[in-house]
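Listed here are the chains, written in short residue letters.
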Amino acid sequence: MNQKMAEYFKVLSDPNRLKIVELLLKGETCGCTLIDKLPISQPTLSYHLNFLAENNLSTQKRDGNKIEHFINRDKIEEMIDYLKNLLEEEEQSCKL
């Protein structure tokens, strides 16, 4: 479990990927609209989108000529739960 979480957090450690995740969670889906909101080139955006998908933090769906991108909300929730559990364990261990 720790190794998997470390990989997920490593994926999100890049500021551009973190911004991409934020935009996708807010409803953006197309690279053509994402690129206007990021200070990166199209090839760099594609690299980051593919990296998120390869690490199961997003999915891609073709819609005609464009590819739509969606965050894997289950994985994000898993990360949140992991952090919440860490906080609870810390509080319990300090009370012993």
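The structure we're discussing is the one just above.
Because the structure is predicted, anything quoted here is derived from the model rather than measured. (Residues numbered from 1 in each chain as written. Predicted model: local features only at pLDDT ≥ 70, side-chain atom pairs only at ≥ 80, totals over all residues. Heavy atoms only, no water.)

### Remarks on the packing of aromatic side chains
The description of two aromatic rings rests on the distance between their centres and on the angle between their planes. Our working rule: Pairing of aromatic rings covers Phe, Tyr and Trp, the last through its six-membered ring, and needs centres within 6.5 Å; plane angles under 30 degrees mean stacked, over 60 mean edge-to-face, and all others mean tilted. What counts as a helix is a DSSP run of H or I of at least four residues, what counts as a strand is a run of E of at least two, and both are numbered from the N terminus.
Counting across every chain of the model gives one aromatic pair. Ring centres 5.9 Å apart and planes at 25° place the aromatic pair Tyr 47 and Phe 51 in the stacked group. Linking Tyr 47 with Phe 51, this pair stays in helix 4 (residues 42-54), spanning four residues, or about one helical turn.

### Looking at the nonpolar core
Just so we agree on the cut-off: Joining through side-chain atoms within 4.5 Å is the link that ties buried Ala, Val, Leu, Ile, Met, Phe, Trp, Tyr and Cys residues into a set, and such a set is a nonpolar core. Think of it in three bands: with a 1.4 Å probe and only protein chains considered, a residue is buried below 20% of the maximum accessible area for its type, exposed above 50%, and partly exposed in between.
Core analysis: the largest hydrophobic core is formed by 20 residues, its most contacted members being Ile 20, Leu 34, Leu 38, Leu 45, Leu 52, Leu 57 and Met 79. Secondary-structure elements contributing two or more residues to this core are helix 1 (2-11), helix 2 (15-25), helix 4 and helix 5 (73-95). Top element by residues in this core is helix 2. It accounts for four residues.

### Some thoughts on unusual backbone geometry
Here Asn 56, not a glycine, exhibits a phi torsion of approximately 60°, which is positive. Judged by its relative accessible area of 43%, Asn 56 falls in the partly exposed class.

### Quick notes on helix 2
Where we set the bar: What the arc covers is the set of directions going from the helix axis to the C-beta atoms. The contact rule is simple, with two residues in contact once any of their heavy atoms fall within 4.5 Å. Definition of a polar contact: a pair of N or O atoms within 3.5 Å, with one able to donate and the other able to accept a hydrogen when the atoms are protein atoms, and with sequence-neighbouring residues admitted only if both atoms are side-chain atoms.
By the burial criterion, the buried members of helix 2 are Arg 17, Ile 20, Val 21, Leu 23 and Leu 24. With its buried residues spanning 165° around the axis, helix 2 presents them on a single face. Next to the buried residues of helix 2 lie helix 1, helix 3 (31-34), helix 4 and strand 2 (66-71). Of the residues flanking the start of helix 2, the one acting as N-cap is Asp 14, its side-chain oxygen 2.8 Å from the backbone nitrogen of Asn 16. Among the residues trailing helix 2, Gly 27 stands out with phi positive, at a value near 115°.

### Side note on the environment of Phe 70
Among the structural elements, Phe 70 can be located in strand 2. Relative accessible area serves as the criterion here: at 30%, Phe 70 is assigned to the partly exposed category. Placed 23 residues apart in sequence, Phe 70 and Tyr 47 show a C-alpha to C-alpha distance of 15 Å. Residue contacts for Phe 70: discarding those within four places in its chain leaves Thr 29, Leu 57, Ser 58, Thr 59 and Lys 61.

### Looking at the side chain of Glu 28
Checked against the element boundaries, Glu 28 lands in the loop between helix 2 and helix 3. A relative accessible area of 18% places Glu 28 in the buried class. At a separation of 2.3 Å, a polar atom in the side chain of Glu 28 contacts the side chain of Lys 37. Here Glu 28 is in contact with Leu 23, Thr 33, Leu 34, Lys 37 and His 69, once residues within four sequence places are set aside.

### A look at the pairing of strand 1 (residues 58-63)
Put simply, side chains in a regular strand alternate between the two faces of the sheet. Operational definition: Should DSSP find at least two bridges between two strands, the strands are taken to pair.
Sheet analysis places strand 1 next to strand 2, joined by six bridges and oriented antiparallel. Bridge assignment links Arg 62 to a residue of strand 2, and that residue is Ile 67. What sits between the antiparallel neighbours strand 1 and strand 2 is a turn of two residues, in which Gly 64 has the positive phi angle 65°.

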